[in-house]
Amino acid sequence: MISIEQLTKVYGHGAKATVVLDRLDFRVDAAEIFAVVGPSGAGKSTLAQCVNLLERPTSGSVLVNGENLSQLGERQLRAARRRIGTIFQSDGLYSRRTAAQNVALPLEYLGVTTAEAKRRVAELLDRVGLSDRAGHYPHQLSGGQRQRVGIARALALRPQVLLSDEATSGLDPESTASIVSLLKELRDDLDLSILFITHEMDTVLQVADAVARLDHGHIVESGRIVDLLRDPASALGRALRPARPHATPQLGETHWFVSYTSGAVPADWVLRLASELDAPVSVLGASIETVAGQTVGHANIGVRAVEPALLVETARRLGLDARPVPEDPEAAALADRSAEESSRSSDGGRSTSADASAPAAAGDTTPEASISSTVPALERVA
Ligand SMILES: Nc1ncnc2c1ncn2[C@@H]1O[C@H](COP(=O)(O)OP(=O)(O)OP(=O)(O)O)[C@@H](O)[C@H]1O
């Protein structure tokens, strides 16, 4: 497990001091891949350097399996670094050494016997699927294969945690996918805690269990991927959702964006929505995926002649959040008017749109009585 506690890094002194990391707190559990994303200059490389102790934090702690590495002296630090395997964007392989010789390097430094090193290198190359490339030099390998050799080398000393600093940046999609699946295998087979630093959102979606967004040295949002994807108010969730083109609604249809807020959304939700609304629902575009074994998704739909508050409430009962697409002024105006009306008519001034923004728990259903008091029309179709 990696624990980052109040980690702060300041470069320079006095008037020239720059706070690059400001009291960061997060934890990467065993068998978890935790991504840190952020724009250029956010502090990602500085964080990587503080975690693998190439830079000393100004204050705060880096703990690996409970041991505070930031307080160690130089000698202890060298030993501690072996417990952190690091993979970088540049594979850092020695061009005059074969794949096997590159993987053997850390073992040679440690004085492991030749026979033992040979056995371990064969095991590691097998682990990363490159047994048949042991005698190849880096220039004879693809970018993805070189990165795999780098991963095998990072694993040579049996680290407890793995730090990946932009390891997939610059790789083609196929190589990225192969590195992603290797990292997941390592997470599951070796129970590794993996800190995955990147600026690539689509890779985060493929690889990570949880993610934090770093901006100007602060963590501005974090959470489990599944939860963020299901939270309509989450900026990270929005950035993680693959942007896919969608069709435009037909004349007379209002355009809505629907996203899953629950793990218990029925697979036939479009049919059910149409049936409960007693109106046709056109699917204009959709993305439905399984993330960490759970279904998450979103869709653009067109709906004809339906009271917006009824749509919002009916969708919510199915575990969905429905919002008018902002660039559709007709739907937005209708929804505004309807939200105003329903907040006037509902008891205690309860606002339908505020309710709709609250993520529902798995299997969550809204008591019929409270819906029908807000949306009398529901009684007709329920
Ligand atoms: N040694 C240093 N001395 C002073 N300032 C530094 C030093 N290293 C980094 N910085 C500053 O810290 C800030 C964060 O830099 P860092 O390289 O960690 O960002 P990053 O998120 O990795 O960016 P990129 O994605 O472009 O690599 C930047 O403003 C940078 O200028």
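The name given to the protein chain in an unreviewed UniProt entry is ABC-type methionine transport system, ATPase component, and the organism recorded there is Cryobacterium levicorallinum.

(A) Looking closely at empty space enclosed by the protein. Here the structure, examined in full by the defined rule, presents one cavity of 30 Å³ or more. The computed volume of the largest cavity comes to approximately 70 Å³. Secondary structure elements with two or more residues in the lining of the largest cavity: strand E12 (281-291) and strand E13 (294-304). Its residues assigned to classes, the lining of the largest cavity comprises six nonpolar, three polar and three charged. Counting contributing residues per domain, the lining of the largest cavity is built from domain 1 (2-237) and domain 2 (243-381), each supplying no fewer than three.

(B) Representation of the pairing of strand E1 (residues 2-11) within the structure. Here E1 pairs with strand E4 (residues 59-64) via five bridges, running antiparallel. From the neighbouring strand, Ile-4 faces E4, where its bridge partner is Val-62. The pairing of E1 with strand E2 (residues 18-28) spans seven bridges and is antiparallel. Considered in E2, the bridge of Val-10 is made with Val-19. Connecting the antiparallel pair E1 and E2 is a turn made up of six residues, with Gly-12 showing a positive phi of about 80 degrees.

(C) Examining the nonpolar core more closely. Counting residues in hydrophobic clusters, the biggest one holds 46 residues, and the most contacted among them are Ile-151, Leu-183, Val-211 and Ile-225. Core analysis: the next-biggest nonpolar cluster, separate from the first, contains 30 residues, Ile-2, Leu-7, Val-64 and Ala-210 among them.

(D) Molecular detail of the environment of Ala-274. Along the chain, the position of Ala-274 falls in helix H10 (residues 269-277). Taking the C-alpha atoms as reference, Ala-274 lies 9.8 Å from Thr-314; in sequence the two are 40 residues apart. Each residue touching Ala-274, except ones within four places of it in the same chain, is listed here: Ala-279 and Val-281.

(E) How the structure looks around the packing of aromatic side chains. Summed over all chains, the structure comprises two aromatic pairs. Between Tyr-260 and Trp-269, the ring centres sit 6.5 Å apart and the planes meet at 85 degrees, which makes this aromatic pair edge-to-face. Judged by relative accessible area, Trp-269 falls into the buried class, the value being 3%.

(F) Main features of the sheet that holds E12. Taken in spatial order, the four strands line up as E12-E13-E11-E14 in an open sheet, and their pairing is antiparallel. Of all strands in the sheet, those bounded by a partner on one side alone are E12 and strand E14 (320-324). Averaged over all adjacent pairs, the angle separating strand axes in this sheet is 15 degrees, with direction ignored. Seen against the sheet, H10 touches strand E11 (253-260), E12, E13 and E14 and runs at an angle of roughly 140 degrees to E12.

(G) How the structure looks around H10. Taken residue by residue, H10 has Trp-269, Leu-273, Ala-274, Glu-276 and Leu-277 as its buried positions. Just downstream of H10, Asp-278 is the residue with a positive phi angle, here 55 degrees.

(H) Region of interest: the pattern of salt bridges. Under the criterion given, the structure shown has 19 salt bridges. The closest approach of N and O atoms between Arg-119 and Glu-116, which form a salt bridge, is 3.0 Å. With a gap of three residues between them, Arg-119 and Glu-116 both fall in helix H4 (residues 114-127), about one helical turn apart. Judged by relative accessible area, which is 43%, Arg-119 ranks as partly exposed. One salt bridge in this structure joins Asp-321 and Arg-323, with 2.7 Å as the shortest N-O distance. A relative accessible area of 1% places Asp-321 in the buried class. A cluster of three or more residues bridged by salt bridges with shared partners is formed by Glu-116, Arg-119, Arg-120 and Glu-123.

(I) Region of the structure containing the site of the ligand. All residues in the neighbourhood of the ligand are listed as Tyr-11, Val-20, Pro-39, Ser-40, Gly-41, Ala-42, Gly-43, Lys-44, Ser-45 and Thr-46. A distance of 2.8 Å is found between an oxygen atom of the ligand and a backbone nitrogen or oxygen belonging to Gly-41. Side-chain polar atom of Ser-45 to an oxygen atom of the ligand: 2.7 Å apart, as the coordinates give it. Look at the ligand: alone it shows 630 Å² of surface, and the protein chains cover 53% of it. With three residues, the single largest contributor to the shell around the ligand is helix H1 (residues 44-51).

(J) Quick look at helix H11 (residues 308-317). The element H11 is largely enclosed, with a buried count of nine among its 10 residues. Where H11 is concerned, the buried positions are Pro-308, Ala-309, Leu-310, Leu-311, Val-312, Glu-313, Thr-314, Ala-315 and Arg-316.

(K) Here's a closer look at the side chain of Ser-61. Among the secondary structure elements, Ser-61 is positioned in strand E4. Within the structure, Ser-61 has its side chain in polar contact with the side chain of Asn-68 (distance 3.3 Å). Apart from the residues within four sequence positions on either side, Ser-61 is in contact with Ser-3, Ile-4, Glu-5, Asn-68 and Ser-70.

(L) Structural context of unusual backbone geometry. The phi dihedral of Gln-6 is positive, around 50 degrees, even though this residue is not glycine. On the secondary structure map, Gln-6 appears in strand E1. Exposure remark for Gln-6: the relative accessible area of 39% places this residue in the partly exposed category. Its identity as a non-glycine residue notwithstanding, Leu-53 has a phi of 65 degrees, on the positive side.

The rules behind each value
Residues numbered from 1 in each chain as written. Predicted model: local features only at pLDDT ≥ 70, side-chain atom pairs only at ≥ 80, totals over all residues. Heavy atoms only, no water. 1 Å grid on protein atoms, 1.4 Å probe; cavity = no way out; pocket = protein on both sides within 12 Å on 5 of 7 lines; lining within 4 Å. Points joined across faces, edges and corners; volume = space filled by probe spheres on them. Helix = DSSP H or I, 4+ residues; strand = E, 2+ residues; numbered from the N terminus. Nonpolar A, V, L, I, M, F, W, Y, C, P; charged D, E, K, R; others polar. Domains from an automatic or database assignment. Pairing = 2+ DSSP bridges. Core = buried A, V, L, I, M, F, W, Y, C linked by side-chain atoms within 4.5 Å. Buried < 20%, exposed > 50% of the residue type's maximum accessible area, 1.4 Å probe, protein only. Contact = heavy atoms within 4.5 Å. Phe/Tyr/Trp six-rings, centres within 6.5 Å; stacked < 30°, edge-to-face > 60°. Axes fitted to C-alpha atoms, helices over the stretch in contact; angles between N-to-C directions. Salt bridge = Lys/Arg side-chain N within 4 Å of Asp/Glu carboxyl O. Near = heavy atom within 4 Å. Polar contact = N/O pair within 3.5 Å; in protein donor to acceptor, adjacent residues only side chain to side chain. Areas by Shrake-Rupley, 256 points an atom, 1.4 Å probe, with all protein chains shown as cover.

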